[in-house]
Amino acid sequence: MNFGRIRINKCGFVILGLLFVGALYYLWNGGSSSNGYAFSKNPNEINLRKLLIGSIQAAQHGGFEVVAVSKSRDLHEQSKGKTQEGANNPVTDADYRSNCVMKNGLLRIFPKLRIISEEDDQQERCAEVQLFDLDPTVLHETATVPDERINIEDVAVWIDPLDATQEFTERLHEYVTTMVCVTVKGVPTIGIIHNPFTMKTTWAWRGRAVSETLMNVKHEPDVKHPTIIVSRSHAGAVKEQAKQVFGENAQVITAGGAGFKVLQVIRNNATAYLHTTHIKKWDICAGDAILGAIGGKMSDLRNGNIEYVDSQPLNPNGLLATALASTHEAYMQRILESKLAAHLTHN
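Quick notes on the rules
Residues numbered from 1 in each chain as written. Predicted model: local features only at pLDDT ≥ 70, side-chain atom pairs only at ≥ 80, totals over all residues. Heavy atoms only, no water. Buried < 20%, exposed > 50% of the residue type's maximum accessible area, 1.4 Å probe, protein only. Helix = DSSP H or I, 4+ residues; strand = E, 2+ residues; numbered from the N terminus. Pairing = 2+ DSSP bridges. Core = buried A, V, L, I, M, F, W, Y, C linked by side-chain atoms within 4.5 Å. Expected span 1.5 Å × (residues − 1). Polar contact = N/O pair within 3.5 Å; in protein donor to acceptor, adjacent residues only side chain to side chain. Contact = heavy atoms within 4.5 Å. Axes fitted to C-alpha atoms, helices over the stretch in contact; angles between N-to-C directions. Phe/Tyr/Trp six-rings, centres within 6.5 Å; stacked < 30°, edge-to-face > 60°. Disulfide = S-S within 2.5 Å. Salt bridge = Lys/Arg side-chain N within 4 Å of Asp/Glu carboxyl O.

### With respect to the pairing of strand β8 (residues 187–195)
Thought 1: Within β8, 8 of the 9 residues are buried, leaving the element largely enclosed by the surrounding structure.
Thought 2: The pairing of strand β7 (residues 177–184) with β8 spans 7 bridges and is classified as antiparallel. Looking at the pairing, C181 lines up with G191 of β8.
Thought 3: Where β7 folds back onto β8 in an antiparallel hairpin, the turn is made up of 2 residues, including K185, whose phi is positive at roughly 50 degrees.
Thought 4: Direction of pairing for β8 relative to strand β9 (residues 200–205): antiparallel, over a ladder of 6 bridges. The residue bridging H194 from the neighbouring strand is T201, located in β9.
Thought 5: Connecting the antiparallel pair β8 and β9 is a turn made up of 4 residues, with M199 showing a positive phi of about 60 degrees.

### Quick notes on the nonpolar core
Thought 1: Counting 36 residues, the largest nonpolar core has L51, L106, L113, V157 and W203 as its most contacted members.
Thought 2: The dominant element in this core, judged by the number of residues it contributes, is helix α2 (residues 48–70), at 7 residues.
Thought 3: Counting 34 residues, the second largest nonpolar core, distinct from the first, contains C181, A258, W282 and C285.

### Some words on helix α3 (residues 93–109)
Each turn of an α-helix holds 3.6 residues, which means side chains three or four residues apart point in the same direction.
Thought 1: For α3, with 17 residues, the first-to-last C-alpha span of 24 Å sits near the 24 Å given by 1.5 Å per residue.
Thought 2: The buried fraction of α3 amounts to 14 of the 17 residues, a majority that puts the element mostly inside the structure.
Thought 3: A side-chain oxygen of the first residue of α3 lies 3.1 Å from the backbone nitrogen of A94; this N-cap is T92.

### As for the sheet that holds β8
Thought 1: Spatial strand order, β4-β6-β7-β8-β9-β10: 6 strands in an open sheet with mixed pairing. Two strands in the sheet have a free side with no partner beyond their single neighbour: β4 (115–117) and β10 (209–210).
Thought 2: Packing of helix α8 (residues 281–293) onto the sheet brings it into contact with β4, β6 (155–163), β7, β8 and β9, and relative to β8 it is tilted by some 105 degrees.

### Notes on the packing of aromatic side chains
Thought 1: The final tally for this structure, using the stated rule, is 3 aromatic pairs.
Thought 2: Centre to centre, the rings of Y175 and F260 are 4.8 Å apart; their planes meet at 90 degrees, and the pair counts as edge-to-face. Placement of the pair is Y175 in the loop between α4 (165–169) and β7 and F260 in helix α7 (residues 258–266), with a sequence separation of 85 residues.
Thought 3: Centre to centre, the rings of F246 and Y331 are 5.0 Å apart; their planes meet at 65 degrees, and the pair counts as edge-to-face. Remark: Y331 occurs in helix α9 (residues 325–337) and F246 occurs in helix α6 (residues 235–246); sequence separation between them is 85 residues. The pair formed by F246 and Y331 is uniform in burial state, with each residue classed as buried.

### Thoughts on the state of the cysteines
Thought 1: Enumeration according to the criterion identifies 1 disulfide in this entry.
Thought 2: Between the sulfur of C181 and that of C285 lies a disulfide, 2.1 Å long from S to S. Between C181 and C285, the S-S dihedral sits near -50 degrees, and the bridge is therefore left-handed. On the criterion of sequence distance, the pair formed by C181 in strand β7 and C285 in helix α8 is long-range, its members being 104 residues apart. In this structure, C181 and C285 share a single accessibility class: buried.

### Here's the deal with the side chain of D95
Thought 1: As for its placement among the helices and strands, D95 is situated in helix α3.
Thought 2: Engagement of the side chain of D95 in a polar contact is seen with the side chain of T92, the distance being 2.8 Å.
Thought 3: Those residues in contact with D95, other than ones at most four positions away along the chain, are E119, P161, L162 and T165.

### So, the pairing of strand β13 (residues 272–275)
Thought 1: Both faces of β13 are covered, namely the face carrying A272 and L274 and the face carrying Y273 and H275.
Thought 2: One ladder, built from 2 bridges, connects strand β11 (residues 227–231) with β13; its direction is parallel. Across the sheet, residue I228 finds its bridge partner in β13, namely A272.
Thought 3: Note that β13 and strand β17 (residues 319–322) share 3 bridges and pair antiparallel. The partner of Y273 across the bridge, within β17, is A321.

### Observations concerning the pattern of salt bridges
Thought 1: Scanning the model with the defined rule gives 6 salt bridges in all.
Thought 2: Of the charged contacts in the structure, one is a salt bridge between R232 and E167, with a shortest N-O distance of 2.6 Å. With R232 in the loop between β11 and α6 and E167 in helix α4, this pair connects stretches of sequence that are 65 residues apart.
Thought 3: By relative accessible area, E167 is classed as buried at 7%.
Thought 4: What emerges from the salt-bridge pattern is a single network uniting E167, E170 and R232.

See below:
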């Protein structure tokens, strides 16, 4: 059988060669690879745009685990002891499963990443969770997010796999969030707060980009009508303190979850979030980053910046958080001038 002479099309070879070179260039310059280092020129650098994408996905996939556990009959609730206010400090399967997917998912993509998480001691529970690959579509179409590479030694990630666990056990799901915060040299730089039950994700990269949920929110510098949001777990004491500091006309509302309370400040449902006792930094880092990105401020009650150091996960001096720096300044002046200032900052 004679098939004739096979002719080689030189033009076709040239086109194929150009396509191959283009593909290599795309991958080398950080295309859609699921590995944060696979095509990096410097393995000691990390791409913050990729880390933002991965952090959003981590919060969302952690949320999937939280919702899945919420549908089970038994949350396998345990107690980690009492909080400073004497309230129960519970932990559930949802905390552990969410932590597994969030932490291990990020480490699979960014193996050298330093991660601080609330449930770090439970890695043996992680066999069943499904991890994720980078998906740039989690960024909305109008977001202009630059590629920015920095030394990975300057980066740490703080994870709260389930904020408002007590409310989760009470089926008060509106308070529940999963949170990720990226710090650069100790400064909260990228923050993600995700509500698993509404599927709403709020994120910000300080000085670079924000989520759609933050684009059209405006804040007015009204300090004459304070609406202070405080924790449910010690509402009685802090309500009285807030009234003494901000006046009898101040409205004080209670809620669960630090992430939820920051979102209420952002959404103009409260003018400030006040916490008068110690609080863990993985509870507040994401909110700190987001507020800083939109012109707000979070500080401790001595008006000091909260330092995010790996070896110091506890913030002992309470916090004041507002969506405008000017509001923070006015409210902080009231706190520092009040008779309760010493009590609030040493409680």
